[in-house]
Amino acid sequence: MKRIIRFQRTANNQMSLFYTLFGSFIAIILLLVSIYWFAYSFFREHLKNEIILNSSLNLDATAANYEKHIKLIRSFTLDYLFENDTEILRREDPMNRYNVVVDVHQELKHKLNNPLLYVNNIIYYFKDEDFIIERDGTRNAETMFSKFYNSPEYTAGFWKHEMDNDASFKMYPAAAFSSATAFERQSLGIFMPILIKNAFDHRFAFIVLLDSQEVYEAFHKSKPGSGFYILDKDRQVLFASSDRFTLPDVIADKTGVGYERLGDNYYFYRTAPDTGFTYVEIVSDAGFAAQIQRLNLVMEALLALSLLIGLIISFYFSKRFHNPLANMIRSAQSLNAVGSSVGRGSRIKEFNLLHSTLSNLSRLNQEYHEDLQSKNNLLQQFAYMARLKKIHISEAPLPSALNADEPYRFVLIHIDFKGRFATEITNTPQRALNTYKELIDAHFSSLYENSLTFQLEKDQILSILFDRNGLGSGHPQDLDALAGLLNEDSDYCNFTIAVSPVRSSSADITETYQNVLDLIRQRRLGEDVQLITEWRPQPTLMIPSLSDENELTANLQSGCSDVTIPLMDHLLAQLAKDGAMARQFQDFAEEIVTKTLKIMYAQNISIHSFTEGASPYDQLKACYTLEQYKAFFHRFLSQSAAAIQAKKSETDVITKFVMEYIEENYGDDLSLDMIAGKLGITGPYLSTYFKEKTGTNFSDFILTVRMNKATEMLRETDLKVQEIAALVGYYTVASFNRVFKRFTGITPSEFRRHHNRLKA
C-alpha cells in the first residue's frame, strides 16, 4: 500500500515529454534570437565604417598590384633593350640581318605566351629604317599603326614624334585599337601603350601594348556602381573603367592617401611613390545607403522567418517525438503491471515507463546476434569489393575475406566499342557493359568458388579468381572458353583479356592489379579477341627516320600525294614489321595528322573543306588494322594534297615570281628590298603581301628552300660542308651549322653520317 501511494505522488509531479521538449526548444530559440539581435544591432552601427575601410583596403591592394606589374614590365623590357640581338639590330640595318630578325621574332612570340603579363603585343620600333618587328612578323610603321593596330590617338607620326622624348619609360592613356586590313575589320581591345628606350637613343624603342581591361579585371575588385581612374604625375587620365562618373578637378589634384565625399559620391585616392600615379575609386553614397537598407530588410525578414520556422519545427519535432513514445508506452502498459513498469529518478513519466519496457528487449539480443553471425560472410564480400575498387589510391589493409594462404588470379577485360555500335548505344553504354559483366561473372562463378566480378572503370571489368585446390600456372583453358564467348560479339567490340600470374599474398594485390593494367597496353593491331598472359618489352621504334621525316614534311607542304601516300604505306608496313603495338600505331598516326594540319593552317587552308565536319582524330579511333590505317591515310592525304594544290593554284603573279626566283637563286645574296625592286614595289609591302598570300614569312621561306637544298646535297653528293654552305648562300660554316641545327635538330655532319648509316 505504501509503494502504491508513493507511485501516485510521483506520477502527479511528472510532466509530459511533449511540454518538456517544446518548452526547452522555445527557451533555446529565445536565447539565440537575443544573441542574434544584439550582434546585428552592434554590426549595423559599424557597417558603414567597415564598408569605407574595405574600399580603402581594396584600393591599396589595387595600387600595389598595378605598381608591381608596371615595375615588372619596366624590368624585363629594359633587360631586352640591352640584349645582344637587340644591340645588333640597333647598330646595323635590321632588314639586312634577317637571321637575327627571325631569332628576335621567335623569342618575342615566346615571351607573349605568358598570360600573366597581360601584354597584347611588344613592338620593336626602328625609327630611321621605318621598320617594325612584332608578334605576327615584320612591317613598316605606317602599315602597322594604320591597319593592324589602328588608333586615332596613336598613329605612326605620333610615335615618330615621341621618339625625340628623353624619357626612358613612359605610359600613355588607354585607347581603343582595331584591325582594319583588307581581309577583316575587328576591335582588338583597349590598350595602354608604354614606350621604353634608351634616354640618349632616339632611333630605337620598345612599344608595349598593355591590355588595360584585363589588368583592371585581374587587379581590382570592383563594386556595383563604382568607378576607377588612374592619373599620371601630370594629372592626366591614363585609364577610366567607365564613363559613368566624372572626376572633379579638386579630386584630380589630390595626392597622398585618403578619401573625400563630394555630393553623393565617395572618392578614395592613393598616390604610389615609385611611379607617382594616383589611383582613384569612386563609390556612390546611394550605393552605401542601399546596401545598408537592403541588409536591414533582409536581416529583419530572416529574423522573423527564423523565429517562425523555429517555433513550427519545435512543435513538429516535439509532437513527432512524443507520439511514438506514447504508442510504445500504451503497448508496454498493456503487457506490464503499472507498479513494475515505472522507474525511479526521472520527472518524465514516458522515460520511466520506457526504462522498464526496454529491459525486455535485452532478452532478444542473443537471438539477433546468432542471426547476424550467419550473415557475416556476405558482408565481408561486399566490404572486399568496395575496397578493391579503390585499390590504386588506397593502402588500407584488405578485409579478412581474402585468406593470405589462398591463391588468386586477376583477369582484366578491356572493352572497346566500335564506331557504329558505339553510336547506336550512345545513351545506354552502361547497360551494355552490365550485360558483359553478367556474362563474365556467370562464366567464372561456375568454375571458381567465391570468385568476384565487378566493373572498375567505364571500359574495364575485373574478375578475381580463388581456388583452394590451386589455380596452377600457364594458360588456363577456361580463359579460352571465355574468349570464344566474347568472340561472338567481335563485330561490335574489341576485347582485350589480360591475365595475371597466380599470387598467394594479399600484400601483392596492388602489384597484381598494375600487372594486368600493363598487359592491357600490350594489345596488337586486329579486330579479334586478344588474350595476353605474358609481358613483352615494348619495341623501340625509330620510325620515321630523319630523312623520311624531312621528305614527308617537304611533300606535305607541296601537296604531292604521289610521294606522301606510298611513303606512309612504307612507314606503316615498317611499324607492323617491327612489332609495334596498337597504341604505338595510334600515336604515330596522330603525329602525322597533327603535322599535316599544322602545314595546312600555316597556308590558311581550312580542314572543314574536305573532312565534312568529322574530326580526323575521331576517324583514327575507328582504325584497328593495318589496312584501315592505310585506307585512312590514302583518303586523308589525298584530300589534304588536293586542298594544298587548290590553294597554290590561287597564288598570284607576285608570290609566284618570288617563289620561283628564290628557288632558282637560293645561293645568291637574297634580300627583301632586292626582290621587291625587281617587282617595282617596296620591301615592307612585299613582306606583308607575301605573308598574307602564303601564310609564311619571307625570311622563313628563304630559310626553308635553302635548308631543303642543303639536306638534298648532303644526302646525294660528296661535297664538303663548307662547299654546301657556300652553294646555299652562307658565307661562313659557323652560321650555316647554327641555322641547319635549328632547322633539323642536328648538325650537317651528323645528318650526313645518319643518312649514310641508313643507306648501309
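Values in this document were obtained by computation on a predicted structure and should not be read as measured data.

(A) Geometry of the overall build of the chain. Looking only at helices and strands, the chain features 30 helices and 17 strands. The burial tally for the chain puts 43% of its 760 residues in the buried class. Of all intrachain contacts in the chain linking residues separated by at least 6 positions in sequence, the fraction that spans at least 24 positions is 64%. With an accessible surface of roughly 40900 Å², the chain has 54% of that area assigned to carbon and sulfur atoms.

(B) Seen up close, the pairing of strand β8 (residues 226–231). Of all six residues in β8, six are buried, a share of seventy percent or more. The alternating pattern of β8 places Ser226, Phe228 and Ile230 on one face and Gly227, Tyr229 and Leu231 on the opposite face, and all of these are buried. Across six bridges, β8 lies against strand β12 (residues 278–284) in antiparallel orientation. Bridge pairing links Gly227 to Ile282 in β12. In the sheet, β8 pairs with strand β9 (residues 237–240) via three bridges, with the strands oriented antiparallel. From the neighbouring strand, Tyr229 faces β9, where its bridge partner is Ala240. As consecutive antiparallel partners, β8 and β9 are separated by five residues, and within that stretch Arg235 has a phi angle of approximately 65°, a positive value.

(C) Local environment of the sheet that holds β9. The sheet built from five strands is open, its strands ordered β9-β8-β12-β11-β10 with antiparallel pairing. The open sheet is flanked by β9 and β10 (257–262), the only strands paired with a single partner. Between one strand axis and the next, the sheet turns by 20° as a mean value, whatever way the strands run.

(D) Fine view of the environment of Val739. Within the fold, Val739 resides in helix α29 (residues 733–744). When the C-alpha atoms of Val739 and Asn99 are compared, they prove to be 8.4 Å apart, with 640 residues separating the residues in sequence. With sequence-adjacent residues up to four places away left out, Val739 is seen in contact with Leu703, Met707 and Tyr730.

(E) Structural view of the sheet that holds strand β14 (residues 452–457). One open sheet holds the five strands; their spatial order is β14-β15-β13-β16-β17, and the pairing between them is mixed. The open sheet has two free edges, formed respectively by β14 and β17 (530–532), since each of these has just one partner strand. With direction set aside, neighbouring strand axes in the sheet form an average angle of 20°. With three bridges joining them, strand β16 (residues 493–499) and β17 adopt parallel strand pairing.

(F) Just the packing of aromatic side chains, in detail. If you walk through the whole model with that rule in mind, you get 38 aromatic pairs. Seen from their ring centres, Tyr124 and Phe206 are 4.6 Å apart, and the 75° between their planes marks the pair as edge-to-face. Of this pair, Tyr124 sits in strand β1 (residues 119–126) while Phe206 sits in strand β7 (residues 204–211); the two residues are 82 residues apart in sequence, bridging distant segments of the chain. Residues Tyr124 and Phe206 agree in their burial class; the two are buried. Linked through ring pairs, Phe145, Tyr149, Tyr154, Phe158, Trp159, Tyr172, Phe177 and Phe191 together constitute an aromatic cluster.

(G) Highlighting the environment of Pro544. One can find Pro544 in the loop between β17 and α18 (546–558). For the pair Pro544 and Phe588, spaced 44 residues apart in sequence, the C-alpha separation works out to 9.1 Å. When neighbours within four sequence positions are excluded, Pro544 is seen to be in contact with Glu549, Leu571 and Phe588.

(H) Here's a closer look at the packing of helix α24 (residues 653–664) against helix α25 (residues 672–679). Where α24 contacts α25, the two axes come as close as 11 Å, and the packing angle between them is 125°. Taken together, α24 and α25 sit at an angle that is classed as oblique. Handedness of the crossing formed by α24 with α25: right-handed. Here Ile654, Phe657, Val658, Tyr661 and Ile662 of α24 lie close against α25, whose contacting residues are Met674, Ile675, Lys678 and Leu679. Here the residues of the contact of α24 with α25 are counted per class, giving eight nonpolar, no polar and one charged.

(I) Geometry of the pairing of strand β13 (residues 408–417). Counting buried residues along β13, nine of its ten residues qualify, which places the element largely inside the surrounding structure. Judged from the seven bridges that link them, β13 and strand β15 (residues 460–466) form a sheet pairing that is antiparallel. Pairing of Tyr408 across the sheet is with Phe466, part of β15. Note: β13 against β16, seven bridges, orientation antiparallel.

(J) Local environment of the packing of helix α19 (residues 561–577) against helix α20 (residues 582–602). With their axes 11 Å apart at the nearest point, α19 and α20 run at an angle of 160° to one another. Judged by the angle between their axes, α19 and α20 are roughly antiparallel. Once α19 is placed against α20, the crossing between them reads as right-handed. Of α20, the residues touching α19 (which contributes Met568, Leu571, Leu572, Leu575 and Ala576) are Phe585, Phe588 and Ile592. Of the residues contributing to the contact of α19 with α20, the split by class is eight nonpolar, no polar and no charged.

(K) Up close: helix α7 (residues 212–219). Among all positions of α7, only Ser212, Val215, Tyr216 and Phe219 are buried. Buried positions in α7, seen along its axis, are confined to an arc of 100° and lie on one side of it. The residue sitting at the N-terminus of α7 and contributing the capping side-chain oxygen is Asp211; that oxygen lies 3.3 Å from the backbone nitrogen of Gln213.

(L) Main features of the confidence of the model for the chain. When pLDDT is averaged along the chain, the result is 79, and 79% of the positions lie at 70 or above. Here residues 1–12 scores under 50 on pLDDT; set against residues more than four positions off or in separate chains, the count is three contacts. Considering only residues more than four positions removed or in separate chains, one finds that residues 337–345, a stretch of pLDDT under 50, has 13 contacts.

The rules behind each value
Residues numbered from 1 in each chain as written. Predicted model: local features only at pLDDT ≥ 70, side-chain atom pairs only at ≥ 80, totals over all residues. Heavy atoms only, no water. Helix = DSSP H or I, 4+ residues; strand = E, 2+ residues; numbered from the N terminus. Buried < 20%, exposed > 50% of the residue type's maximum accessible area, 1.4 Å probe, protein only. Contact = heavy atoms within 4.5 Å. Areas by Shrake-Rupley, 256 points an atom, 1.4 Å probe, with all protein chains shown as cover. Pairing = 2+ DSSP bridges. Axes fitted to C-alpha atoms, helices over the stretch in contact; angles between N-to-C directions. Phe/Tyr/Trp six-rings, centres within 6.5 Å; stacked < 30°, edge-to-face > 60°. Parallel < 35°, antiparallel > 145°, perpendicular 65-115°, else oblique. Left-handed = near helix turned anticlockwise from the far one by under 90°. Nonpolar A, V, L, I, M, F, W, Y, C, P; charged D, E, K, R; others polar. Arc of directions from axis to C-beta. Polar contact = N/O pair within 3.5 Å; in protein donor to acceptor, adjacent residues only side chain to side chain. pLDDT = per-residue confidence, 0-100.

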